[in-house]
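The lines below spell out each chain.
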Amino acid sequence: MPELRNSAVEIRSPEEYGPVAEKALAAKRAEYLEAGTLVVWDVDLEAETITSYRADGSSRVYVAGDHADAEPVLQGWRWTWWRCWVSLRFATIPVDKYR
């Protein structure tokens, strides 16, 4: 899908919280958008949100149950956020937690 080159998804790691990390993430988003990326998602597993930033300067926060979109990159495409959160959350649980 060539359209996906126009989008970016940042999934926060445990170290990407707090004022210093927020500033670094904002700078990274600005770089993506200045380079021509149309949509940047900030996936926050702790807050259970996706914040979508668009090249036109708008942003939107999606919470569990919302239908997140990637407009204008993938017109009409929607993803129910709780499905994404569950998949990502379980993918980040340390293996030793189950030993």
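Report on the accompanying structure.

Thresholds applied
- Residues numbered from 1 in each chain as written.
- Predicted model: local features only at pLDDT ≥ 70, side-chain atom pairs only at ≥ 80, totals over all residues.
- Heavy atoms only, no water.
- Buried < 20%, exposed > 50% of the residue type's maximum accessible area, 1.4 Å probe, protein only.
- Helix = DSSP H or I, 4+ residues; strand = E, 2+ residues; numbered from the N terminus.
- Right-handed = clockwise from strand over helix to strand, strands pointing away.
- Contact = heavy atoms within 4.5 Å.
- Pairing = 2+ DSSP bridges.
- Axes fitted to C-alpha atoms, helices over the stretch in contact; angles between N-to-C directions.
- Phe/Tyr/Trp six-rings, centres within 6.5 Å; stacked < 30°, edge-to-face > 60°.
- Lys NZ or Arg CZ within 6 Å of the ring centre and 35° of its normal.
- Salt bridge = Lys/Arg side-chain N within 4 Å of Asp/Glu carboxyl O.
- Core = buried A, V, L, I, M, F, W, Y, C linked by side-chain atoms within 4.5 Å.
- Polar contact = N/O pair within 3.5 Å; in protein donor to acceptor, adjacent residues only side chain to side chain.

## What to know about the pairing of strand β1 (residues 7-11)
Residue alternation in β1 divides its side chains into a buried set, Ala8 and Glu10, and an unburied set, Ser7, Val9 and Ile11. Following the chain from β1 across helix α1 (residues 19-34) to the adjacent parallel strand β2 (residues 39-44), one finds a crossover that is right-handed.

## Focus: the side chain of Ser52
With respect to the secondary-structure elements, Ser52 resides in strand β3 (residues 49-54). Not counting the four nearest positions on each side in its chain, Ser52 is found in contact with Val39, Val40, Trp41, Ser58, Ser59, Arg60, Tyr62 and Asp69.

## Quick look at the sheet that holds β2
Backbone hydrogen bonds hold the strands of a sheet together, and the pairing may be parallel or antiparallel. Pairing is mixed in the open sheet, where four strands are placed in the order β1-β2-β3-β4. Of all the strands in the sheet, just β1 and β4 (59-63) have a single pairing partner and so form its edges. When the angles between neighbouring strand axes are averaged without regard to direction, this sheet yields 15°. Sheet topology note: the β3/β4 ladder contains five bridges and is antiparallel. Note on β4: the bridge partner recorded for Ile50 is Tyr62.

## A short note on the packing of aromatic side chains
Counted by the stated rule, this structure contains zero aromatic pairs. The ring of Tyr17 carries Arg12 above its face, with NZ or CZ at 5.3 Å from the centroid.

## With respect to the pattern of salt bridges
Within the structure shown, the criterion is met by four salt bridges. For Lys28, the salt bridge goes to Glu10, with nearest N and O atoms at 3.4 Å. Of this pair, Lys28 sits in helix α1 while Glu10 is found in strand β1, placing the two residues 18 residues apart along the sequence. For Asp42, the salt bridge identified is with Arg29, shortest N-O distance 3.7 Å. Of this pair, Asp42 sits in strand β2 while Arg29 sits in helix α1, placing them 13 residues apart in sequence.

## Some points on the nonpolar core
Formed by Val39, Trp41, Val43, Leu45, Ile50, Tyr62, Ala68 and Val73, the largest nonpolar core amounts to eight residues. Here this core gets three residues from one element, more than from any other, and that element is β2.

## Points about the side chain of Glu10
Its relative accessible area of 13% is what places Glu10 among the buried residues. Within polar-contact distance, the side chain of Glu10 engages the side chain of Lys28 at 3.4 Å. A polar atom in the side chain of Glu10 sits 2.8 Å from the side chain of Tyr32. Here Glu10 is in contact with Lys28, Tyr32, Trp41, Asp42 and Val43, once residues within four sequence places are set aside.

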